[in-house]
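Structural characterization, general
Take a look at the letters that make up each chain.
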Amino acid sequence: MTATNPVNVKKYLKGMDYPVNKDDLIKYVQEQGAEDDIIEFLEQLSDNEDYNSPKEVNQALGEIQ
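Procedures and definitions
Residues numbered from 1 in each chain as written. Predicted model: local features only at pLDDT ≥ 70, side-chain atom pairs only at ≥ 80, totals over all residues. Heavy atoms only, no water. Helix = DSSP H or I, 4+ residues; strand = E, 2+ residues; numbered from the N terminus. Buried < 20%, exposed > 50% of the residue type's maximum accessible area, 1.4 Å probe, protein only. Arc of directions from axis to C-beta. Polar contact = N/O pair within 3.5 Å; in protein donor to acceptor, adjacent residues only side chain to side chain. Salt bridge = Lys/Arg side-chain N within 4 Å of Asp/Glu carboxyl O.

Relative to the elements of secondary structure, K10 occurs in helix 1 (residues 6-10). K10 gets classed as exposed once you look at its relative accessible area, which sits at 52%. In sequence terms K10 and D23 are 13 residues apart; their C-alpha atoms lie 16 Å from each other.

Okay, here's the thing in structure tokens:
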């Protein structure tokens, strides 16, 4: 299995409508067929944050590594 990082997550965010919160991100990537390691990675995001673009999601994910 490939190590989970923001680049691996990016392909599952294609077509996502922003702004979005953590729960909506997780639901969307699950619908896109994301593996469990991707879901677990996203679950580490803040519950109180809204993300306005894929770049903001990637920045937040980069901070939790």
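After that view of the structure, there is still more to cover.
The next thing to look at is helix 2 (residues 22-31). For helix 2, the set of buried residues is K22, L25, I26, Y28 and V29. Projected onto a plane normal to the axis of helix 2, the buried residues spread over an arc of 165 degrees and lie on a single side. Every exposed residue of helix 2 that faces more than 90 degrees away from the buried side is listed here: D23 and E31. N-capping of helix 2 is provided by N21, with a side-chain oxygen placed 3.1 Å from the backbone N of D23.

Tallied over the full model, the rule gives 1 salt bridge. Salt-bridge contacts for K22 lead to D47; the nearest nitrogen and oxygen are separated by 2.6 Å. In this pair, K22 sits in helix 2 while D47 sits in the loop between helix 3 (36-42) and strand 2 (50-51), placing the two residues 25 residues apart along the sequence. The class of K22 is buried, set by a relative accessible area of 10%.

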